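Architecture at a glance
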Amino acid sequence: IPHIVEKQMRAWEIRRMGNRAKSPEDAGPVVCISREIGVGARVIAKRLSEELNCTILGRDTIDHVAEDLNAQRQLVDSLDEQGRSGVERWVEGYLYGSPVEYGEYAKSLIKVFRASAEQGSVIFLGRGASFVLGLSKAFCVRLVAPMDRRIAQLMSYLSLTKDAAVEMIRQRDFEREAFIRKVFH
């Protein structure tokens, strides 16, 4: 991940230096993909990134946030979609360092989204980027699929039983909704 981030930062810097006369709108597309689990969003984002010559920021966005907060990955993960109770965060903070609160996490996440969008040529996969950037700064899409398709996709992709796939969908949908409500109100 650090190698990917460094490569993208160099590409942005080269593009910025070579395009000094161009406006920020010429920086390249900014796409926010919101999705349900099991719709194949990673495959779609990868294909789109190849077509548009863009970088995908998804789970690795959390690494940027952790770096920005000077926090350990485990603490930031605890605030992500699988948000834990205050007691669990306190225990992890005690074991691994100071706990990161949702307010700090949201501020840092917003900074990462805005800075990356300003550079352009980026596809955000989840993490609420569309709430931060909106339609005025990005092309925002929501990928959905019928439940039976999502179940079949997870069964195939993760080698799960039908019951396990249903439970995973139920749990992740709940976690994602809770994350969005908690961080973006």
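Above: the structure in question.
Fair warning: this is a prediction, and the values are worked out from it, not measured in the lab.

1. Points about the overall build of the chain
- Across its full length, the chain carries nine helices and four strands.
- Of the regular secondary structure in the chain, the N- to C-terminal order runs α-β-α-β-α-α-α-α-β-α-β-α-α.
- Taking all 185 residues of the chain together, 38% fall into the buried category.

2. Concerning the nonpolar core
- Residues Val 30, Leu 109, Phe 124 and Leu 133 are the most contacted members of the largest nonpolar core, which totals 19 residues.
- Among the elements of the structure, β1 (30-35), α6 (102-119), β3 (122-125), α7 (129-137) and α9 (162-184) are those that each provide at least two residues to this core.
- Excluding residues that lie within four positions of it along the chain, Phe 124 makes contacts with Val 30, Val 31, Cys 32, Ile 33, Leu 57, Phe 113, Ser 116, Ala 117, Ala 129 and Leu 133.
- Grouped together as the second largest cluster of nonpolar side chains are nine residues, Val 39, Ala 41, Cys 54 and Leu 143 included.

3. Some thoughts on the sheet that holds strand β4 (residues 139-143)
- Spatially, the four strands line up as an open sheet ordered β2-β3-β1-β4, and their pairing is parallel. Among the strands making up the open sheet, the edge pair consists of β2 (55-57) and β4. On average, adjacent strands in this sheet sit at an angle of 20° to one another, irrespective of strand direction.
- In this fold α7 packs onto β1, β3 and β4, with an angle of close to 130° to the strand it touches most, β1.

4. Quick look at the environment of Arg 114
- Within the secondary structure, Arg 114 sits in helix α6.
- For the pair Arg 114 and Ala 129, spaced 15 residues apart in sequence, the C-alpha to C-alpha distance is 8.9 Å.
- Each residue touching Arg 114, except ones within four places of it in the same chain, is listed here: Val 132 and Leu 133.

5. A word on the packing of aromatic side chains
- The tally for this structure, following the rule as stated, stands at three aromatic pairs.
- Relative to Phe 124, the ring of Phe 113 lies with its centre 5.1 Å away and its plane at 80°, an arrangement referred to as edge-to-face. Of the two residues, Phe 113 is situated in helix α6 and Phe 124 in strand β3; the sequence distance between them amounts to eleven residues. Of the two residues examined, Phe 113 and Phe 124, each falls in the buried class.
- Judged by centre distance (5.7 Å) and plane angle (15°), the ring pair of Phe 131 and Phe 184 falls under stacked. Linking Phe 131 in helix α7 with Phe 184 in helix α9, this pair joins segments that are 53 residues apart in sequence.
- Taking the relative accessible area as the measure of exposure, Phe 131 reaches 53% and is therefore exposed.

6. Quick word on the pairing of β1
- Within β1, five of the six residues are buried, which leaves the element mostly enclosed by the surrounding structure.
- Where β1 and β3 come together, four bridges link them in parallel fashion. Residue pairing across strands places Val 31 opposite Ile 123, the latter belonging to β3.
- When β1 meets β4, the two strands line up parallel, connected through five bridges. Bridge pairing in β4 places Val 31 opposite Phe 139.

What counts, and at which threshold
- Residues numbered from 1 in each chain as written.
- Predicted model: local features only at pLDDT ≥ 70, side-chain atom pairs only at ≥ 80, totals over all residues.
- Heavy atoms only, no water.
- Helix = DSSP H or I, 4+ residues; strand = E, 2+ residues; numbered from the N terminus.
- Buried < 20%, exposed > 50% of the residue type's maximum accessible area, 1.4 Å probe, protein only.
- Core = buried A, V, L, I, M, F, W, Y, C linked by side-chain atoms within 4.5 Å.
- Contact = heavy atoms within 4.5 Å.
- Pairing = 2+ DSSP bridges.
- Axes fitted to C-alpha atoms, helices over the stretch in contact; angles between N-to-C directions.
- Phe/Tyr/Trp six-rings, centres within 6.5 Å; stacked < 30°, edge-to-face > 60°.

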